[in-house]
Amino acid sequence: DGGITQSPKYLFRKEGQNVTLSCEQNLNHDAMYWYRQDPGQGLRLIYYSQIVNDFQKGDIAEGYSVSREKKESFPLTVTSAQKNPTAFYLCASSTTGSNMQDTQYFGPGTRLTVL
Amino acid sequence: AQKITQTQPGMFVQEKEAVTLDCTYDTSDPSYGLFWYKQPSSGEMIFLIYQGSYDQQNATEGRYSLNFQKARKSANLVISASQLGDSAMYFCAMRVAWGGKLIFGQGTELSVKP
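Residues numbered from 1 in each chain as written. Chains lettered and ligands numbered in written order. Predicted model: local features only at pLDDT ≥ 70, side-chain atom pairs only at ≥ 80, totals over all residues. Heavy atoms only, no water.

The number of helices and strands found in chain B is zero helices and 12 strands. Helices and strands appear in chain B in the N-to-C order β-β-β-β-β-β-β-β-β-β-β-β. Relative to the 2.2 N^0.38 estimate, which gives 13 Å for 114 residues, the radius of gyration of chain B is 14 Å and therefore close to what a compact globule would have. The long-range fraction of contacts in chain B, counting pairs at least 24 apart against all pairs at least 6 apart in sequence, stands at 54%. Accessible area for chain B stands at about 5500 Å²; split by element, carbon and sulfur atoms hold 49% of it. Each charge sign in chain B was given a centre, from 10 positive and 10 negative side chains, and these centres are 4 Å apart. (Helix = DSSP H or I, 4+ residues; strand = E, 2+ residues; numbered from the N terminus. Rg over C-alpha atoms; globule rule 2.2 N^0.38 Å. Contact = heavy atoms within 4.5 Å. Areas by Shrake-Rupley, 256 points an atom, 1.4 Å probe, with all protein chains shown as cover. Lys, Arg positive; Asp, Glu negative; His and termini not counted. Charge placed at Lys NZ, Arg CZ, Asp CG, Glu CD.)

Moving on, we come to the pairing of strand E12 (residues 108–113) of chain B. Residues and elements named next belong to chain B. Here E12 shows a clear split, with Thr108, Leu110 and Val112 buried on one side and none of Glu109, Ser111 and Lys113 buried on the other. As judged from the five bridges shared by strand E2 (residues 10–14) and E12, these two strands associate in the parallel manner. For Phe12, the partnering residue across the bridge sits in E12 and is Ser111. Here strand E10 (residues 88–95) pairs with E12 via three bridges, running antiparallel. The residue bridging Tyr90 from the neighbouring strand is Thr108, located in E12. (Buried < 20%, exposed > 50% of the residue type's maximum accessible area, 1.4 Å probe, protein only. Pairing = 2+ DSSP bridges.)

Our focus in this paragraph is the pairing of strand E9 (residues 74–79) of chain B. Residue and element names in this part refer to chain B. Counting buried residues in E9 gives five out of six residues, a clear majority hidden from the surface. Summarising the sheet, strand E3 (residues 19–21) and E9 pair through three bridges and their orientation is antiparallel. Of the residues in E9, the one forming a bridge with Leu21 is Leu77. Alignment of strand E8 (residues 64–69) against E9, held across six bridges, turns out to be antiparallel.

Below you can see the structure in the form of structure tokens.
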């Protein structure tokens, strides 16, 4: 079955720790994205990548880092510099990042809580 | 600045009735795309329907249709024959530039009553 997987589903972090959220897709999509969702809010873009070994900052990249070493994988690291990391994190992918009507398909999300 | 506004935080609809979820957008770019997503309580975002700014006809996908009024900058989602499984958050989103970024509204929570 083709799709996007995210792990873990729930993640607890102590203050001062870095944590990495996994995102894998087997849809052969070129573009991948990370969004953050806070309670009662829409999604905000953290980082996106249109091709392997290249990525761009979104609207709220401070305190986060990413890598894109493989087409299938786009892990997100939440660093200790992120002051308020408790949120729901969603990964998405699309065929390309350059076609206006490319649909972004989402994974099931990771809920991160800082203790 | 590009922006999506969803003015209905929550709505109720009776099962089997139609419901309209409002979405207005703001952009000066003539080329843009509008998307609607459904988010059940499980959290996953499910794509429902797409409308391009140059599309002449309103988009339809099964029970979902998009009432696109370009002059008013509105892209309302119409769900016909509501089902209990339609209870969820619904998000309107816009893409205005090549590169893939989606701008989301704050969502509307729809509750379908039996």
